[in-house]
Amino acid sequence: MALPVAAGLGLKPDHVDTILKTRPALGFFEVHAENYMGEGGLPHRQLAAIAEPYPLSLHGVGLSIGGEGDLDRDHLKRLRHLIERYRPASFSEHLAWSTHDSEFFNDLLPLPYTPETLDRVARHVAETQEAVGTRMLLENPSTYLIFAESTIEEIDFLAAISDRTGCGLLLDVNNVMVSAVNHRLDPFAYIDRFPMEKVGEIHLAGYDETEDEAGERLLIDAHASPVLPDVFALYSHMLDRAGPLPTLVEWDNDVPEFPALYAEAKKVEAALARARLASSEAAISRSAA
Amino acid sequence: MFSTYLLAREAVMPEGLSTRCGRLDARRFAVYRNNVGVGLTRALERRYPLVMRLVGEDFFRGMARAYVDVERPTSPVLLTYGSGFPAFVAGFEPARSVPYLSDIARLEDAMASAFHSRDAGLLTMDALAAVPPERLGTARLTPHPAARLVSSAFPIGTIFANHQAEPVRPVEHWVAEAVLITRPDIRCELTVLPAWDVAFAAALLNGAPLGEAAMAAADEPTFDFGRALTALIRLGAFSDDAPIIKENDDA
C-alpha cells in the first residue's frame, strides 16, 4: 500500500464532474475520511467514481490519536469500513488530539511531548493499525504554542512512534514552516533532521500570517491560498535531500475553481520531475564510480 | 485543562503553555479557540445556508456561536452535527421577528440527513400492482431512506424555492405547507404536497398500512387515494423493498 510518487490534490465535491470529464494527470486524490462517513448518497457515488481511475489517500482528521482518553471504537470501525470499501493507497492521521471527555473540538490540538505521551500515542497508533487493518502514516502538526512540560523534540517523538509501531510518517512541509516560524526555529534544520526514510507522503499548503502579542510573526495553518514561495523553497530543499515523494497540495478553505488547484499540482509535478532527474543522475554517477 | 478554555469567550488560556521565549501569549492560544469556534459555526453554515441568507451572515454567526456554546459535537463525524439547531433557533429570542426561521432550519436539517442517507432503489407501480387488490389495505410500503416530510404553519417550501434564484420572488400565498423531500436519483428534490395529501403521506412514512393511511385522510373531501399514492410513488417516497402484506390480517 503506497501512493504513487507524483502530485496529488484534495478532492472537492464541486470539482468531481470536471475531474471525471477531463481526467487531469494527477497521481492521486486525498479525502478527509470523516466527510465520507455518511451512509450513502452523492459523496459515496463521487468517491467511487474517482477511486476507479485514481489512487486514493484517506486522511483522517478526527481520531484524536494524541488524546488522553481511549480511542473511539466506533470511529475506528467507520475508518475500517471506508478502507475496506475504497482500498486507499494510503491512510494517515495526525499527531494531535480533538476529542476530550467525548466532546469533539473539530481542530487538531497540540500535546506535550513526554515519555508518558509517547507511550500513549504509540499505543493509540498500534491500536489504530490493528483496528483498521493497515499501516498508517502519522503527520507532524502545526503548532502555535509549546508545552512547558515537553522534554522530547518533536522529530524524536515522531521517529520513536514510528520505530515502536512500524507506522510511516507524513511530513507536512507547510506545518514545518508554520511551527518553525512560530517557535523561532530553523525549518531547514527540521527537514535535515527528519527521518525521511519513514516518509510516505508530503503535504504542502498555504499559510496565513498575523502577529502575536509581542508583535512577532505568527503563522496560521490556513489551507486557504496557494503554496507560498518560502514553503516551496523548503519543499525543494526536502526533495534535494530525500528525492521525489508523493506530494499533496492542500487547499480546503476559499477553494478556487479546479484549474487553479490543478496549476498548483503542476508546479509540484515540475519540482518532482527535477528531483527524479537529479536522483537518477546521482544513481548513474554512483554506479559509474 | 486545555479543552475547557477552547470554548471560553474570554481571552484566557490554560497554564503550562509557553512560547520558545517563555512568554504566555493569549493571541497564540486564541488561534486554537478561533479554529474550534469557526470550524463548528462553518459546519452550521454548510447545513443551514438558507437560514443564513434569511438573517444575514453576522446574525447567523452570532446565533450559531450561541448554539455551539450549548451543544457541542459528540462525534468526529461533523456531517451529523447541528441537528439540535432548529429547536435552538425556535427558542432564540433575537430571532423572534422571523417566526418561520426554525421551520426553515428543520427543512434544511431534513435535507442534510436525506442527502447522506442510505442508498436504495425506488418502489415501482408494477411492484404495487403485484399486491392482490383485496390485500392492498393491509399492505405497508417501506419509506425510502431519504424520504422526509416537513410540515409547517408557514410556506417553507415556497420560501425555499423562491430563494433558489435571483432576484428572490416574494411569497404570494402565505399558507401552511408540508414539504416532501425525496432523493429519486442522487439529488434531493422538494415537493410541496397538496394539503389534503399530507395526513396520508405522513401516515405512510410512519409505516402505516395503506388502508389506515387512507383513513387518516378521510376528513379531506378532495383526497383521492389512487392519485395521492401514485404521486408519492412517482416522487420516490418508497424504497423497492416488496410491500409487506400481513397474510392473516383480517381486521
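Residues numbered from 1 in each chain as written. Chains lettered and ligands numbered in written order. Predicted model: local features only at pLDDT ≥ 70, side-chain atom pairs only at ≥ 80, totals over all residues. Heavy atoms only, no water.

**Side note on the packing of helix H4 (residues 115-132) of chain A against helix H5 (residues 154-165) of chain A**
All names here are of chain A.
Item 1. Relative to each other, H4 and H5 sit at 45°, their axes nearing to 9 Å. Relative to H5, H4 is oriented oblique. Of the two possible hands of crossing, H4 and H5 adopt the one that is right-handed. Across from Thr-117, Leu-118, Asp-119, Val-121, Ala-122, Val-125, Ala-126 and Gln-129 in H4, the residues of H5 making contact are Phe-157, Ala-160, Ile-161, Arg-164 and Thr-165.
Item 2. Tallied by class, the residues present in the contact of H4 with H5 amount to 8 nonpolar, 3 polar and 2 charged. (Axes fitted to C-alpha atoms, helices over the stretch in contact; angles between N-to-C directions. Helix = DSSP H or I, 4+ residues; strand = E, 2+ residues; numbered from the N terminus. Parallel < 35°, antiparallel > 145°, perpendicular 65-115°, else oblique. Left-handed = near helix turned anticlockwise from the far one by under 90°. Contact = heavy atoms within 4.5 Å. Nonpolar A, V, L, I, M, F, W, Y, C, P; charged D, E, K, R; others polar.)

**With respect to the sheet that holds strand S4 (residues 189-192) of chain B**
All names here are of chain B.
Item 1. Spatially, the 3 strands line up as an open sheet ordered S2-S3-S4, and their pairing is antiparallel. Since the sheet does not close on itself, it has two edges, and those belong to strand S2 (148-152) and S4, each with one partner. For this sheet, the mean angle separating the axes of adjacent strands, direction not counted, is 20°.
Item 2. Across the face of the sheet, helix H9 (residues 198-205) comes into contact with S2 and strand S3 (177-182) while running at roughly 140° to S2. (Pairing = 2+ DSSP bridges.)

**Some details on helix H9 (residues 258-288) of chain A**
All names here are of chain A.
Item 1. Here H9 spans 44 Å end to end across 31 residues, near enough to the 45 Å set by a 1.5 Å rise per residue.
Item 2. Listing the buried residues of H9 in full gives Phe-258, Leu-261, Tyr-262, Glu-264, Ala-265, Val-268, Ala-271, Leu-272 and Ala-275.
Item 3. Looking at the packing, one finds that the buried side of H9 touches strand S1 (7-10), helix H1 (16-22), strand S10 (199-205), helix H8 (229-242) and strand S13 (247-250). (Expected span 1.5 Å × (residues − 1). Buried < 20%, exposed > 50% of the residue type's maximum accessible area, 1.4 Å probe, protein only.)

**With respect to the pattern of salt bridges**
Item 1. Counted under the stated rule, the structure contains 23 salt bridges over all chains.
Item 2. Put simply, Arg-45 of chain A and Asp-185 of chain B hold a salt bridge, and the shortest N to O gap is 3.2 Å. Of this pair, Arg-45 of chain A sits in helix H2 (residues 42-51) while Asp-185 of chain B sits in the loop between S3 and S4, which puts the two residues in different chains.
Item 3. With a shortest N-O distance of 2.8 Å, Arg-164 of chain A and Asp-119 of chain A are connected by a salt bridge. Note that Arg-164 of chain A is positioned in helix H5 and Asp-119 of chain A in helix H4, a separation of 45 residues in sequence.
Item 4. One salt-bridge network, in which partners are shared between bridges, spans Asp-212 of chain A together with Asp-25 and Arg-28 of chain B. (Salt bridge = Lys/Arg side-chain N within 4 Å of Asp/Glu carboxyl O.)

**Thoughts on the environment of Thr-142 of chain B**
Residue and element names in this part refer to chain B.
Item 1. Among the secondary structure elements, Thr-142 is positioned in the loop between helix H7 (125-129) and S2.
Item 2. Using a relative accessible area of 22% as the deciding quantity, one classes Thr-142 as partly exposed.
Item 3. Note: C-alpha distance between Thr-142 and Ala-242 (100 residues apart in sequence) is 7.9 Å.

**Some thoughts on unusual backbone geometry**
Glycine aside, negative phi is the norm for most residues, and most peptide bonds take the trans geometry.
Item 1. At the junction of Glu-166 of chain B and Pro-167 of chain B, the peptide bond is cis and its omega measures out at -10° in the coordinates.
Item 2. Among the structural elements, Pro-167 of chain B can be located in the loop between helix H8 (156-162) and S3.
Item 3. Phi is positive for Asn-106 of chain A, which is not a glycine, with a value near 55°.
Item 4. For Asn-106 of chain A, a relative accessible area of 23% puts it in the partly exposed group.
Item 5. For Arg-184 of chain A, which is not a glycine, the phi torsion comes out positive at approximately 55°.

**A look at the environment of Ile-152 of chain A**
Item 1. Examined against the element boundaries, Ile-152 of chain A turns out to sit in the loop between strand S8 (146-147) and H5.
Item 2. Once residues lying within four places of it in the same chain are set aside, the contact partners of Ile-152 of chain A are Tyr-113, Thr-114, Pro-115, Leu-118 and Phe-157 of chain A.

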